[in-house]
Amino acid sequence: MKPEERIKEIERTRSGIKRACARSAGFSDAVPVFGHGPVPCGVMVVGEAPGRDETRLGIHFVGKAGQFLISVLRDVFGREREGYYITNVVKVWPVVRTKRGRTRKPTPEEEDFFAPFLEREIKAVDPAVIIAVGKTAFSALVPDAEFAPGRWAKHNGRPVMPVYHPSYLLRRQKSLDESVAAMKAALAEAKKRLA
């Protein structure tokens, strides 16, 4: 696929997500957050789902945990946010309706609903490596494998490097330095695949 065809496929995927959400009773009032980044791109970062901040701004990984992840990626790859294609398994905020709204884990049905769109993104972006951020993202990409951060897996022949979700790491302050070092080591392995 030529680069301009890949870009058009991403645009068609975004339109497909909008249409699918509008037709679905569960997502008709949801605000999709689309993947961003260069197409094609050597590194694709796949997270779980957008949260409140991501939904408000329309950009992935912009909250506290997201900013932490982007800084770790920058340290390892030497690239700013714009140097990766960043997306999520679920394209809308899985929210518990409270006064402020609270994020919950996506349901398997939500993951299944958006799975074809993630597959289209992967095909269009054509990454050399996929970084699966957290267990939910990893399980969506490699459903029959055990989540083992730092250990390679494959998704339709593409290398997938799982890492812990940054919010999980930030909750474990006592072992944060050790956890960040392990994440950086896993990402350094992923960087080798780009050479």
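Predicted, not measured: the structure shown is a model, and the values here were computed from it. (Residues numbered from 1 in each chain as written. Predicted model: local features only at pLDDT ≥ 70, side-chain atom pairs only at ≥ 80, totals over all residues. Heavy atoms only, no water.)

Colleague: In this structure, what is going on with the overall build of the protein chain? I would like to understand it.
Modeller: Along the backbone of the protein chain there are 7 helices and 7 strands. Starting at the N terminus and ending at the C terminus, the protein chain contains elements arranged as α-β-α-α-β-β-β-α-β-α-β-β-α-α. Relative to a compact globule of 195 residues, whose C-alpha radius of gyration would be 16 Å, the protein chain shows 16 Å and is just as compact. Counting only C-alpha atoms, the protein chain reaches 45 × 45 × 30 Å along its principal axes. Taken over 195 residues, the protein chain has a buried fraction of 49%. At a minimum sequence separation of 6, the contacts of the protein chain that also span at least 24 residues come to 70%. (Helix = DSSP H or I, 4+ residues; strand = E, 2+ residues; numbered from the N terminus. Rg over C-alpha atoms; globule rule 2.2 N^0.38 Å. Buried < 20%, exposed > 50% of the residue type's maximum accessible area, 1.4 Å probe, protein only. Contact = heavy atoms within 4.5 Å.)

Colleague: For this particular structure, what's the right way to read the pattern of salt bridges?
Modeller: Note that side chains of opposite charge can pair when their charged atoms are close. Considering all chains together, one arrives at 9 salt bridges under this definition. Of the charged contacts, one joins R120 and E9 as a salt bridge, the two residues approaching to 2.9 Å between their closest N and O atoms. Of this pair, R120 sits in helix α4 (residues 108-125) while E9 sits in helix α1 (residues 3-23), and the two are 111 residues apart along the sequence. Given the relative accessible area of 29%, R120 is considered partly exposed. Of the residues examined, E9 reaches a relative accessible area of 15% and is grouped as buried. One salt bridge in this structure joins R74 and E80, with 3.1 Å as the shortest N-O distance. Put simply, R6, D126 and R158 are held in one network by salt bridges that share partners. (Salt bridge = Lys/Arg side-chain N within 4 Å of Asp/Glu carboxyl O.)

Colleague: Looking at this structure, how should I read the packing of helix α3 (residues 64-77) against helix α7 (residues 176-192)?
Modeller: Any two packed helices are characterised by the angle at which their axes cross and by the distance between the axes. Between α3 and α7, whose axes approach to 9 Å, the crossing angle comes to 50°. Considered as vectors, α3 and α7 are oriented oblique to each other. Here the hand of the crossing between α3 and α7 comes out right-handed. Along the contact surface, α3 presents F68, L69, V72, L73, D75, V76 and F77, while α7 presents L176, V180, M183, K184, L187, A188, A190 and K191. Partitioned by chemical class, the residues of the contact of α3 with α7 number 12 nonpolar, no polar and 3 charged. (Axes fitted to C-alpha atoms, helices over the stretch in contact; angles between N-to-C directions. Parallel < 35°, antiparallel > 145°, perpendicular 65-115°, else oblique. Left-handed = near helix turned anticlockwise from the far one by under 90°. Nonpolar A, V, L, I, M, F, W, Y, C, P; charged D, E, K, R; others polar.)

Colleague: Where do I start with α3 in this structure?
Modeller: Think of an α-helix as turning once every 3.6 residues; residues three or four places apart then point the same way. Between the first and last C-alpha of α3 there are 20 Å, a value that for 14 residues agrees with the 20 Å anticipated at 1.5 Å per step. Each element contacted by the buried residues of α3 is listed here: β1 (43-47), β2 (85-88), β5 (129-133), α6 (166-171) and α7. Where α3 terminates, the next one or two residues include G78, which has phi positive at roughly 70°. (Expected span 1.5 Å × (residues − 1).)

Colleague: Looking at this model, I keep getting lost on the packing of α1 against α4. Mind explaining?
Modeller: One can describe the packing of α1 onto α4 by two numbers: an axis separation of 9 Å at closest approach and a directional angle of 170°. Between α1 and α4, the angle is such that the two are roughly antiparallel. Every residue of α4 that contacts α1 at R6, E9, I10, R12, T13, G16, I17, A20 and C21 is listed here: F113, F114, F117, R120, E121, K123, A124 and V125. The residue makeup of the contact of α1 with α4, split by class, is 9 nonpolar, 2 polar and 6 charged.

Colleague: Looking at this structure, how should I read the pairing of β5?
Modeller: Within a regular strand, the side chains alternate between the two sheet faces. Along β5, 5 of the 5 residues are buried, which leaves the element largely enclosed by surrounding structure. Side chains V129, I131 and V133 project from β5 onto one buried face, and the interleaved I130 and A132 project onto a second face that is buried too. Sheet topology note: the β1/β5 ladder contains 4 bridges and is parallel. Residue V46 lies in a different strand from β5, and its bridge partner there is A132. Pairing of β5 with strand β7 (residues 158-163) involves 4 bridges; the strand directions are parallel. Of the residues in β7, the one forming a bridge with V133 is V163. (Pairing = 2+ DSSP bridges.)

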